[in-house]
Amino acid sequence: MDARAWKAETGVFLAVAFMAAGALGAVQPATGIPDEVVQLTQFGPAAGVLTVALLWPRRIRARLAGTLTAPVRTGPAVWLLLTAPLIIALAAGAYGLAHGDAVVTDPRSLGHPFALIVVAQLVGACGEEIGWRCWLQPLLSGRFGPLTASVVVGLLWGVWHVQVFAQAPAYAAGFLVATVAMSVVLGLGLERIRAGRLALAGGFHTLVNLGMLLFMDEESGAVPPMLLFGGACVLAAVPWVLGTAGVTIAAARRGAL
């Protein structure tokens with residue numbers, strides 16, 4: 001891969017993703033669309049991918065390979081999706097034990113129909129993931145390897161949520177730990193599956209968002225739930241890292257025979 005090509009594409013994508021998210025966030029109040037349903041900032045990465053596609057149309061198909069194709073390896077795909085509720089269960093369970101009472105929000109108590117929120121959350125998650133996991137992750141993975149690329153994408157994904165830095169430093173740190181760990185899960189998982197990137201990444205992202213909406217209260221700015229969420233994400237990422245290391249060692253041994 002031409003070094004200038006991937007650097008230029010990455011730079012343009014990130015610039016547009018950040019600026020578009022800011023612009024969309026600024027206009028959301030005027031649209032009347034509630035944040036609880038979907039945040040328009042989530043479509044910033046999609047705008048970045050669209051811009052790259054317009055500037056470098058010959059490269060975009062290769063960059064987005066595996067985005068919409070159905071996954072053939074259903075086993076890893078199922079485990080990837082199940083990791084999302086596992087994260088919520090670990091975080092919410094630990095928070096409930098620490099405070100003596102679990103946080104549970106009745107979907108019927110929300111200000112909008114839960115079915116609408118689910119659909120809108122999936123659409124918004126896909127607006128993010130087509131940029132982070134479908135475009136940037138494969139691009140950097142080919143350059144630096146899946147694990148390093150996952151960590152870098154996770155850091156960029158976390159920093160892209162600039163509003164989190166208005167909270168306490170420990171809150172922001174917990175959030176960044178969570179985005180990096182979830183990015184490692186998604187990056188390594190999708191590397192094994194190599195198809196269905198948008199559906200799987202969007203589904204994972206949606207399940208996490210819905211779980212946090214119903215079973216966590218980190219939106220209040222409270223530090224403990226965010227730190228517990230970050231820790232839960234790290235624990236969930238460990239099996240994926242170990243599994244990938246095991247596959248790599250096994251492949252190396254077969255090559256040495």
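The present account deals with the structure reproduced in this document. (Residues numbered from 1 in each chain as written. Predicted model: local features only at pLDDT ≥ 70, side-chain atom pairs only at ≥ 80, totals over all residues. Heavy atoms only, no water.)

## Concerning the overall build of the protein
Right, so step 1: The secondary structure content of the protein amounts to 9 helices and 0 strands.
Right, so step 2: Along its sequence from the N terminus, the protein presents helices and strands in the succession α-α-α-α-α-α-α-α-α.
Right, so step 3: Computed over the C-alpha atoms, the radius of gyration of the protein is 18 Å, within 12% of the 18 Å expected from 2.2 N^0.38 for a compact globule of 257 residues.
Right, so step 4: The principal-axis extent of the C-alpha atoms belonging to the protein is close to 55 × 45 × 35 Å.
Right, so step 5: Counting the 257 residues in the protein, one finds 44% classified as buried.
Right, so step 6: At a minimum sequence separation of 6, the contacts of the protein that also span at least 24 residues come to 80%.
Right, so step 7: Charge separation in the protein, taken as the distance between the mean sites of 15 positive and 12 negative side-chain charges, equals 22 Å. (Helix = DSSP H or I, 4+ residues; strand = E, 2+ residues; numbered from the N terminus. Rg over C-alpha atoms; globule rule 2.2 N^0.38 Å. Buried < 20%, exposed > 50% of the residue type's maximum accessible area, 1.4 Å probe, protein only. Contact = heavy atoms within 4.5 Å. Lys, Arg positive; Asp, Glu negative; His and termini not counted. Charge placed at Lys NZ, Arg CZ, Asp CG, Glu CD.)

## Some details on unusual backbone geometry
Right, so step 1: The backbone of R194 sits at a positive phi, close to 60 degrees, despite the residue not being glycine.
Right, so step 2: Along the chain, R194 falls in the loop between α7 (169-193) and α8 (197-215).
Right, so step 3: With relative accessibility at 59%, the residue R194 sits in the exposed group.

## Digging into the packing of helix α5 (residues 114-144) against α7
Right, so step 1: The contact between α5 and α7 brings their axes to 11 Å, and the two run at 65 degrees. Taken together, α5 and α7 sit at an angle that is classed as roughly perpendicular. Note that α5 runs across α7; the crossing there is right-handed. Between α5 and α7, the residues in contact are E129, R133, Q137 and S141 and S183, L186, G187, L190 and E191, respectively. (Axes fitted to C-alpha atoms, helices over the stretch in contact; angles between N-to-C directions. Parallel < 35°, antiparallel > 145°, perpendicular 65-115°, else oblique. Left-handed = near helix turned anticlockwise from the far one by under 90°.)

## Some words on the packing of aromatic side chains
Where two aromatic rings form a pair, the distance of their centres and the angle of their planes describe that pair.
Right, so step 1: The tally for this structure, following the rule as stated, stands at 4 aromatic pairs.
Right, so step 2: Both rings, one in F13 and one in W132, keep their centres 5.5 Å apart while their planes meet at 85 degrees; by these two values the pair is edge-to-face. Placement of F13 in helix α1 (residues 3-31) and of W132 in helix α5 is noted, with a sequence separation of 119 residues between them. Comparing F13 with W132, the two get one shared label, buried.
Right, so step 3: Ring plane angle 35 degrees and centroid distance 5.0 Å describe the contact between F13 and W135, whose orientation is recorded as tilted. You can see F13 sitting in helix α1 and its partner W135 sitting in helix α5, a full 122 residues away along the chain. For the pair shown, F13 and W135 are each scored as buried. (Phe/Tyr/Trp six-rings, centres within 6.5 Å; stacked < 30°, edge-to-face > 60°.)

## Let's talk about a nonpolar patch on the surface
Right, so step 1: A cluster of nonpolar side chains, namely L147, V151, L155 and V241, defines an oily patch on the protein surface of about 270 Å² accessible area.
Right, so step 2: When residues in the nonpolar patch are grouped by element, the largest group, 3 residues, is from helix α6 (residues 146-160).
Right, so step 3: Within the fold, V241 resides in helix α9 (residues 223-256).
Right, so step 4: Of the residues examined, V241 reaches a relative accessible area of 32% and is grouped as partly exposed. (Patch = residues over 30% accessible without salt bridge, like charges linked within 9 Å, V, L, I, M, F, W, Y side chains within 5 Å. Areas by Shrake-Rupley, 256 points an atom, 1.4 Å probe, with all protein chains shown as cover. Salt bridge = Lys/Arg side-chain N within 4 Å of Asp/Glu carboxyl O.)

## Examining helix α2 (residues 44-55)
Right, so step 1: Its 12 residues place the ends of α2 17 Å apart at the C-alpha level, agreeing with the 16 Å of an ideal helix rising 1.5 Å per residue.
Right, so step 2: Within α2, the full set of buried residues consists of G44, P45, G48, V49, V52 and A53. (Expected span 1.5 Å × (residues − 1).)

## What to know about the pattern of salt bridges
Right, so step 1: A full pass over the atoms with the stated rule returns 5 salt bridges.
Right, so step 2: R59 serves as the salt-bridge partner of E9, at 2.9 Å between the closest nitrogen and oxygen. Of the two residues, E9 is situated in helix α1 and R59 in helix α3 (residues 57-63); the sequence distance between them amounts to 50 residues.
Right, so step 3: Judged by its relative accessible area of 0%, E9 falls in the buried class.
Right, so step 4: Since its relative accessible area comes to 31%, R59 is described here as partly exposed.
Right, so step 5: Among the ionic pairs, R63 bridges to E9, the shortest N-O distance being 2.8 Å. Highlighted residues: R63 in helix α3 and E9 in helix α1, separated in sequence by 54 residues.
Right, so step 6: The network of salt bridges with shared partners includes E9, R59 and R63.

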